[in-house]
Amino acid sequence: MTSLDDAGTFLLGDRRVKRIGYGAMQLAGPGVFGPPRDRAAALAVLREAVEAGVDHIDTSDFYGPHVTNQIIREALHPYPRDLTIVTKIGAQRGDDASWQPDFSAQALTRAVHDNLRNLGLDVLDVVNLRIMLDAHGPAEGSIAEPLTVLAGLQRQGLVRHIGLSNVTATQVAEARGIATIVCVQNMYNIAHRGDDALIDQLAGDGIAYVPFFPLGGFSPLQSSVLSDVAGQLGATPMQVALAWLLRRSPNILLIPGTASVAHLRENLAAAALDLSDDMRAALDRVAG
C-alpha cells in the first residue's frame, strides 16, 4: 500500500482511479511549447509516477504541440492495463505559441486522431472538450455543436468517455442532455472557489471534478494560513493545498503537474496528510 491509497478512489467513467494522478503539461518546453529542456528527466518523472501507483494521467496533444503525448508514449508504452489517459481537444497552437480555440468538426476530428497517433492508442479513455469562449475563463454560450461532434467520434469507437473543461454549470447541464459526461475539469483551488456549488452537484451525481491549477498555476498560491498549517504538519504549503482539495469533496481528482521527480514525490505525499477539523476550518476561510 502506498500513500496514494490513503486518499481513496473515485470512478472516472468505468475506471476506478486513485484520487491523485499526474498532469503532464509541464513536460513540454517553456510556455508549454516545444521540447523539454531535459527529455530524460521528463521520461523519468512519468515512469516514477506510474511506479509510485499513479493510475491516471492528464495530457493533450496541444501541449507542445504533440511533444507531451510523444514523451508519454516513449516512457510508458505499452501502457499498464490499469492506466487511464485523459486528453483534451478544442484548441490548437499558433507558431507564436499562442492558444487558439478551434471547435470546427474538422479540427476536433483531427485532434482526436492526433491524440490517438501520438499516444499510440486505438481508443482514447477520456476526452475533455476544452471550451474557450473567453480568454479569461468560462463564459456562457452553447457548446452543443462541438459536443455533438465529439459524441459522434465516441459512437465511432474512437473515444470511450467524454468530459468537459473550462465550462459553466449551465454548459454542464446542456452537455448532459447530449452525452454522458464523466468529468468536469475547471480551475479551482483553495483560493479560487467559484465552483463550490458545481462540485457538490457533480458529487451527488457521481461525476468526477478535476481542478486544474490546484496550486495556482502560473501564479502559485501564497497564504499565511497555508504556511502556518504546513508548519504544524511538517509539510509544505503546496502539500497542504492539495490535501485540502482531497478533503473538500470525494469526487475531486487531482492532477498536479511537475517536471521534477522530487517535486512529484512531494505532491503524491499529500495524500497521507491528516488535516484536523481546526486546520480545515482555517483553510476554508482562505478564499474569504
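Residues numbered from 1 in each chain as written. Predicted model: local features only at pLDDT ≥ 70, side-chain atom pairs only at ≥ 80, totals over all residues. Heavy atoms only, no water.

**Topic: the overall build of the chain**
Then, number 1: Of regular secondary structure, the chain possesses ten helices and eleven strands.
Then, number 2: The C-alpha atoms of the chain give a radius of gyration of 18 Å, which matches the 19 Å a tight globule of 288 residues would have.
Then, number 3: Each principal axis of the C-alpha atoms in the chain carries an extent, and together these give about 55 × 45 × 35 Å.
Then, number 4: Taken over 288 residues, the chain has a buried fraction of 53%.
Then, number 5: Of the contacts made within the chain by residues no fewer than 6 positions apart, 74% connect residues no fewer than 24 positions apart.
Then, number 6: A total of about 12,300 Å² of accessible surface is found on the chain, and carbon and sulfur atoms cover 50% of it.
Then, number 7: Charge centroids of the chain, computed over 23 positive and 31 negative side chains, lie 4 Å from each other. (Helix = DSSP H or I, 4+ residues; strand = E, 2+ residues; numbered from the N terminus. Rg over C-alpha atoms; globule rule 2.2 N^0.38 Å. Buried < 20%, exposed > 50% of the residue type's maximum accessible area, 1.4 Å probe, protein only. Contact = heavy atoms within 4.5 Å. Areas by Shrake-Rupley, 256 points an atom, 1.4 Å probe, with all protein chains shown as cover. Lys, Arg positive; Asp, Glu negative; His and termini not counted. Charge placed at Lys NZ, Arg CZ, Asp CG, Glu CD.)

**A short note on the sheet that holds strand E5 (residues 84–89)**
Then, number 1: The strand order E3-E4-E5-E8-E9-E10-E11 describes an open sheet built from seven strands, whose pairing is parallel. Looking at which strands have only one partner, the edges of the open sheet turn out to be strand E3 (22–23) and strand E11 (208–212).
Then, number 2: Where strand E9 (residues 159–165) lies against strand E10 (residues 181–187), four bridges are found, and the strand directions are parallel. By the bridge assignment, Ser165 is partnered in E10 with Gln185. (Pairing = 2+ DSSP bridges.)

**Here's the deal with the pairing of E5**
Then, number 1: Burial runs high along E5: six of the six residues are buried.
Then, number 2: Every second residue of E5 is oriented toward a common face, with Thr84, Val86 and Lys88 on one face and Ile85, Thr87 and Ile89 on the other, all of them buried.
Then, number 3: Here three bridges tie strand E4 (residues 56–58) to E5, and the two strands are oriented parallel to one another. Across the sheet, Asp58 pairs through a bridge with Val86, a residue of E5.
Then, number 4: Since E4 and E5 lie parallel, the crossover through helix H2 (residues 67–76) that links them has a hand, and here it is right-handed.
Then, number 5: In this structure, E5 lies alongside strand E8 (residues 124–130), joined through four bridges in parallel fashion. By the bridge assignment for E8, Val86 is matched with Val126. (Right-handed = clockwise from strand over helix to strand, strands pointing away.)

**Quick look at the layout of surface pockets**
Then, number 1: What the second largest pocket holds in volume is close to 230 Å³.
Then, number 2: For the second largest pocket, the lining is made up of 17 residues, of which Phe62, Ala91, Gln92, Ala111 and Asp114 are closest to its centre.
Then, number 3: Put simply, the parts of the chain that give the lining of the second largest pocket at least two residues each are E5, strand E6 (91–93) and helix H3 (105–119).
Then, number 4: It is H3 that contributes the most residues to the lining of the second largest pocket, five residues altogether.
Then, number 5: When its residues are assigned to classes, the lining of the second largest pocket shows six nonpolar, five polar and six charged. (1 Å grid on protein atoms, 1.4 Å probe; cavity = no way out; pocket = protein on both sides within 12 Å on 5 of 7 lines; lining within 4 Å. Points joined across faces, edges and corners; volume = space filled by probe spheres on them. Nonpolar A, V, L, I, M, F, W, Y, C, P; charged D, E, K, R; others polar.)

**Overview of helix H6 (residues 196–204)**
Then, number 1: Those residues of H6 that sit buried are Leu198, Ile199 and Leu202. Down the axis of H6, the buried side of the element spans an arc of 100°, and every buried residue falls inside it. Opposite the packed face of H6, turned more than 90 degrees from it, sit the exposed residues Ala197 and Gly204.
Then, number 2: Buried positions along H6 lie against helix H5 (169–176), E10, E11 and helix H8 (237–248).
Then, number 3: Looking at the residues trailing H6, positive phi occurs at Gly206, about 75°. (Arc of directions from axis to C-beta.)

**Some points on the packing of aromatic side chains**
Then, number 1: The final tally for this structure, using the stated rule, is six aromatic pairs.
Then, number 2: Centre to centre, the rings of Phe62 and Tyr63 are 5.6 Å apart; their planes meet at 85°, and the pair counts as edge-to-face. Residue Phe62 shares its accessibility class with Tyr63, and that shared class is buried.
Then, number 3: Each ring, one from Tyr188 and one from Trp244, has its centre 6.2 Å from the other, and the planes form 20°; the classification is stacked. Placement of Tyr188 in the loop between E10 and H6 and of Trp244 in helix H8 is noted, with a sequence separation of 56 residues between them.
Then, number 4: Look at Tyr188 and you get buried, because its relative accessible area is 0%.
Then, number 5: Since its relative accessible area comes to 2%, Trp244 is described here as buried.
Then, number 6: Through a chain of ring-to-ring contacts, three or more aromatic side chains come together here, namely Phe62, Tyr63 and Trp99.
Then, number 7: Against the face of Trp99 rests Arg93, its NZ or CZ located 3.7 Å from the ring centre. (Phe/Tyr/Trp six-rings, centres within 6.5 Å; stacked < 30°, edge-to-face > 60°. Lys NZ or Arg CZ within 6 Å of the ring centre and 35° of its normal.)

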